[in-house]
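# A look at the structure
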Amino acid sequence: MKIINLHVQNVKKIKVADITPTAALVEITGKNGSGKSSVLDSILYALAGTRSIATEPVRQGTRKATIRLDL
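Parameters at a glance
Residues numbered from 1 in each chain as written. Predicted model: local features only at pLDDT ≥ 70, side-chain atom pairs only at ≥ 80, totals over all residues. Heavy atoms only, no water. Helix = DSSP H or I, 4+ residues; strand = E, 2+ residues; numbered from the N terminus. Rg over C-alpha atoms; globule rule 2.2 N^0.38 Å. Buried < 20%, exposed > 50% of the residue type's maximum accessible area, 1.4 Å probe, protein only. Contact = heavy atoms within 4.5 Å. Areas by Shrake-Rupley, 256 points an atom, 1.4 Å probe, with all protein chains shown as cover. 1 Å grid on protein atoms, 1.4 Å probe; cavity = no way out; pocket = protein on both sides within 12 Å on 5 of 7 lines; lining within 4 Å. Points joined across faces, edges and corners; volume = space filled by probe spheres on them. Nonpolar A, V, L, I, M, F, W, Y, C, P; charged D, E, K, R; others polar.

## Quick word on the overall build of the protein
The helix and strand tally for the protein stands at 1 helix and 3 strands. Ordered by position from N to C terminus, the α and β elements of the protein give β-β-α-β. Since a compact globule built from 71 residues should have a radius of gyration of about 11 Å, the 12 Å found for the protein is in line with a globular shape. Counting only C-alpha atoms and orienting by the principal axes, one finds that the protein spans roughly 35 × 30 × 15 Å. Looking at the protein residue by residue over its 71 residues, the buried ones come to 23%. In the protein, the proportion of contacts linking residues at least 24 apart, taken out of those at least 6 apart, comes to 60%. Carbon together with sulfur atoms contributes 52% to the accessible area of the protein, which is approximately 5400 Å² in total.

## Some thoughts on the layout of surface pockets
Size it by volume and the largest pocket reaches roughly 190 Å³. Lining of the largest pocket is provided by Lys2, Ile3, Leu6, Ile19, Pro21, Ala23, Ala24, Val26, Ile28, Val39, Leu40 and Ile43. Per element, the largest residue contribution to the lining of the largest pocket is 3 residues, and it comes from helix α1 (residues 36–48). Looking at the lining of the largest pocket residue by residue, the class counts come to 11 nonpolar, no polar and 1 charged. If you add up the space inside the second largest pocket, you get close to 160 Å³. In terms of lining, the second largest pocket is formed by Ile14, Ala17, Ile19, Val26, Glu27, Ile28, Thr29, Ser34, Gly35, Lys36 and Val39.

In short, the description is geometric, and any link to function would need to be established separately.
Written out as structure tokens, the structure reads:
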């Protein structure tokens, strides 16, 4: 299985992220609290479905979150 594109909006720490991998390995880097785990959690939510979603997955101050994962 290969990720073609990941689009995330208002999930945990992420306002908007659009990731299209161009190589076999993608590094997710950044400072503490920048949203690295939120990206990985978004992939988990998309693959595992509603049973894997945390109690507060929607970013604070927003009402709706979206995740689109193209494989």
